[in-house]
Structure formats: C-alpha cells, structure tokens
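Notes for the structure review
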Amino acid sequence: MIKDEIMQILPKRLQEILEGELSDWNQLQEIRLRMEGPMALCIRGMKRLPNQNGQVVSRKEFREVLEYISRYSLYAFEEEIRRGFLTIPGGHRIGLAGQVVAENGKVKTMKYISFLNIRIAHEIKGCANPVLPYLFEKGEFLSTLIASPPGAGKTTMLRDIIRQVASGGKMFTEKTVSVIDERSEIAGSYMGKPTKDVGIHCDVLDACGKAEGIGMMIRSMAPEIVAVDEIGTEEDFEVLQMALTTGCALLATIHGSSIRQLKEKPYLHKMFAERMFQRIIFLEKNGIPGQIQKIYDAKGQVLCG
C-alpha cells in the first residue's frame, strides 16, 4: 500500500532507484528530493544516499513530482503551500521549501519550490497493544498525551489507539471517537474518506483547524473522546480545556522527549498543574515507530518503563 501511494507521485527513474534500494517499504521513513541534488532516504532512522550513478534529481523530474502531488494545479493548494506542506492520499506529508513570498509580515505563498521531504505515514496495527491496559480505569478511557521527538511514531501510535478504542476489545467497550485531522495525516483522508483504519465508531473532520474543529465535532457528533495531533499553542490548550468541560476525554500528541522538557514549554505548566492528561506516553526514537520509552500518570509517577 505504501509503495503504491508513493510510486504514483515519482518519475520512472526515481521509482527504479527505490525499487533497487528497498526490500521492506515499512522501514522507509523519509524521501528527500532536492532539485539538481541527489535523492536521500531515511530508513529506520538512518540516512542513506542510494546509488544513482552520479545522477541528480533533474529540474524536469522535480517538476513532475510537483505536478503529481498537486494534481497539476499548485494554485488549488495555495493554503497548504502557505503552511509549508501538502498531504497526499495515504496521509503522507510532503514538506516544501524554496523562496517565500511575504505580505505584511506573513507568508503569502511559496515560489521556486526546490526542496521536498516526503514523510511516510505508517500504519502499524497492534503497536498500541502494550499501552492500552494503562489507558482505562473502570472501563473509562483516561485522557492521554503521546510525546516524542519528530520521527518516533507519535501519529502511528495515535492512529492505532484510535482504531482499537473505536472498535472495542476484551478490556473495554468501544468508544465514540471524533478525530480532528488538521493535516490529513491521522486518517489519511482523500475526498473526505479515510484511507487508514481508524476503527468502527470513529468520525473524522478532515483538513480543519483544532480550534474550529473540536467545537464543531462536540456539537455535531457527541464524541466520548476527542483526538488531535501535534498540540502546542495556547489556543490548542484553551480549546482542549473547553472539550474537557463537556465530559469528553482527550487523546493528543506533542513534540517532547521528557517530562522536564514539556514543563519548560510555554503554556504546558498549566496543563500539568490542572492534570489535563491522566496518562503521558513517551516514545523512543530508535527507527522503529511506536516503541514505548515510559508511561507516566497525571502526578508524574512512572507506571511503565
């Protein structure tokens, strides 16, 4: 599945290079393309320059990739380009860099795009099995925060928790989950339909900001759990606090490698003081997505690891 989704956006020569380099597509994390530079891969956390016989990614090949990912209309993706990335079917995020066009101190768009970073979205069913026993108390889901440095599998873990909680299991009955998928990475939606398995009792609001989306889903879908990816701003915490007042549990991810580091971030001290999350899961960055480092309770006591 990953192979098919990625191959369809690459020119034939680059496809052939990847075919020769990869025996297991599930180990691929990133493909970096730099115009008139070599293609670079990240496989299980290790950077690799595949054998390209001295060739580089040509301007023509680079433009082909841009045409593929924008469905031949970069104008239609102006908002995504302004944010610096596009998301393609399958939930794979493509970071963009080049010359920024600013207006009144804000990014208006980007031109002369010359760098692409294709981040592979992995679906590892069962990766949440070790953490699930810690996430329930008397059958009720405990608000949970997943933390790690970039590339350690936060979204992969988030997706599998959503899938299992929304489908039910031996230890718990299924819960209704509302996913606000701001970057289309959690469910990998295409034209509103998820391409990733997010469970039976899961509803997805795609390509919508957290502030607007959480309120919309609470009013319209009456969720038991609200799930979001990559929180971090003051606005994020305000809207999550609002969600808690409605009786919803929270499931979210954040960048961070330790409790101490999180507490040093703006706005997070309040999160800890108010014990918004009863469980905090830290993931290892060892090239294998979703590997658990430690699990803490709301008081900062280690439960696992």
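Everything here concerns the structure above.
The present account deals with the structure reproduced in this document. (Residues numbered from 1 in each chain as written. Predicted model: local features only at pLDDT ≥ 70, side-chain atom pairs only at ≥ 80, totals over all residues. Heavy atoms only, no water.)

Next up on the list: the overall build of the protein chain. When you go through the protein chain residue by residue, the secondary structure sums to nine helices and 16 strands. Dimensions of the protein chain, computed from the C-alpha atoms along their principal axes, are close to 60 × 45 × 35 Å. In the protein chain, buried positions account for 50% of the 305 residues. For the protein chain, restricting intrachain contacts to residue pairs at least 6 apart in sequence, the fraction spanning at least 24 positions comes to 61%. (Helix = DSSP H or I, 4+ residues; strand = E, 2+ residues; numbered from the N terminus. Buried < 20%, exposed > 50% of the residue type's maximum accessible area, 1.4 Å probe, protein only. Contact = heavy atoms within 4.5 Å.)

On to the pattern of salt bridges. Taken as a whole and assessed by the stated rule, the structure comprises 16 salt bridges. Of the charged contacts, one joins Lys 12 and Glu 16 as a salt bridge, the two residues approaching to 3.5 Å between their closest N and O atoms. With Lys 12 and Glu 16 both in helix H2 (residues 12-21) and four residues apart, this pair spans about one turn of that helix. For Glu 16, a relative accessible area of 46% puts it in the partly exposed group. Salt-bridge contacts for Glu 21 lead to Arg 48; the nearest nitrogen and oxygen are separated by 3.2 Å. You can see Glu 21 sitting in helix H2 and its partner Arg 48 sitting in strand S3 (residues 46-48), a full 27 residues away along the chain. Where salt bridges share partners, they join Arg 93, Arg 183, Glu 185 and Glu 230 into one cluster. (Salt bridge = Lys/Arg side-chain N within 4 Å of Asp/Glu carboxyl O.)

We now examine the sheet that holds strand S11 (residues 202-206). If you walk across this open sheet you meet the eight strands as S11-S10-S12-S13-S9-S14-S15-S16, and the pairing is mixed. Only two strands of the sheet have a single partner each, and these edge strands are S11 and strand S16 (302-304). Averaged over all pairs of adjacent strands, the angle between strand axes in this sheet comes to 20°, irrespective of strand direction. Both strand S15 (residues 292-297) and S16 contribute to a ladder of two bridges, which runs antiparallel. Bridging from a neighbouring strand, Ile 295 pairs with Cys 304 of S16. In this fold helix H5 (residues 154-167) packs onto strand S9 (144-148), strand S10 (177-181), S11, strand S12 (225-228), strand S13 (249-255), strand S14 (279-283) and S15, with an angle of close to 165° to the strand it touches most, S13. (Pairing = 2+ DSSP bridges. Axes fitted to C-alpha atoms, helices over the stretch in contact; angles between N-to-C directions.)

One open sheet accounts for six strands, arranged S3-S2-S1-S6-S5-S4; its pairing is antiparallel. Two strands bound the open sheet, and with one partner strand each, they are S3 and strand S4 (85-88). Each neighbouring strand pair of the sheet contributes to a mean axis angle of 30°, computed without reference to strand direction. Of the strand pairs in this sheet, strand S5 (residues 92-103) and strand S6 (residues 106-119) are connected by ten bridges, and their pairing is antiparallel. Of the residues in S6, the one forming a bridge with Glu 103 is Lys 106. Helix H3 (residues 59-69) contacts strand S1 (28-34), S4, S5 and S6 of the sheet and is inclined by roughly 105° relative to S6.

Inside soluble globular proteins, nonpolar side chains tend to come together where they are buried. Leu 10, Ile 31, Leu 33, Met 39, Leu 116 and Ile 118 are the most contacted members of the largest nonpolar core, which has 33 residues in total. Counting only elements with at least two residues in this core, the list comes to helix H1 (2-7), H2, S1, strand S2 (40-43), H3, S4, S5 and S6. If sequence neighbours within four positions are ignored, Leu 116 has contacts with Ile 31, Arg 32, Leu 33, Phe 62, Val 65, Leu 66, Ile 94, Gly 95 and Leu 96. (Core = buried A, V, L, I, M, F, W, Y, C linked by side-chain atoms within 4.5 Å.)

Summed over all chains, the structure comprises zero disulfides. The thiol of Cys 127 is unpaired, and the distance to the nearest cysteine sulfur, on Cys 304, comes to 14 Å. Summary of cysteine pairing: Cys 208 is not part of a disulfide, and the nearest cysteine sulfur, belonging to Cys 202, is at 15 Å. (Disulfide = S-S within 2.5 Å.)

Bringing the packing of aromatic side chains into the picture now. Taken as a whole and judged by the stated rule, the model has three aromatic pairs. Note on Phe 136 and Phe 172: the rings are 4.2 Å apart at their centroids and 5° apart in plane angle, and the pair reads as stacked. You can see Phe 136 sitting in strand S7 (residues 136-137) and its partner Phe 172 sitting in the loop between H5 and S10, a full 36 residues away along the chain. Taking relative accessible area as the criterion, Phe 136 reaches 14% and is therefore assigned buried. (Phe/Tyr/Trp six-rings, centres within 6.5 Å; stacked < 30°, edge-to-face > 60°.)

It is worth spelling out the environment of Thr 173 at this point. For Thr 173, the position within the fold is in the loop between H5 and S10. Between the C-alpha atom of Thr 173 and that of Gln 27, which follows or precedes it by 146 residues, the distance is 33 Å. In this structure, Thr 173 is in contact with Val 165 and Gly 168, ignoring residues within four places of it in sequence.

The next point concerns the packing of helix H6 (residues 210-221) against helix H7 (residues 234-245). The N-to-C vectors of H6 and H7 enclose an angle of 10°; their axes lie 9 Å apart at closest approach. By the angle between their axes, H6 is roughly parallel relative to H7. On the side of H6, the interface is formed by Lys 210, Ala 211, Ile 214, Gly 215 and Ile 218, while H7 contributes Glu 235, Asp 236, Val 239, Leu 240, Met 242 and Ala 243. Its residues assigned to classes, the contact of H6 with H7 comprises seven nonpolar, one polar and three charged. (Parallel < 35°, antiparallel > 145°, perpendicular 65-115°, else oblique. Nonpolar A, V, L, I, M, F, W, Y, C, P; charged D, E, K, R; others polar.)

Interpretation note: all reported values are geometric properties and have no functional meaning in isolation.
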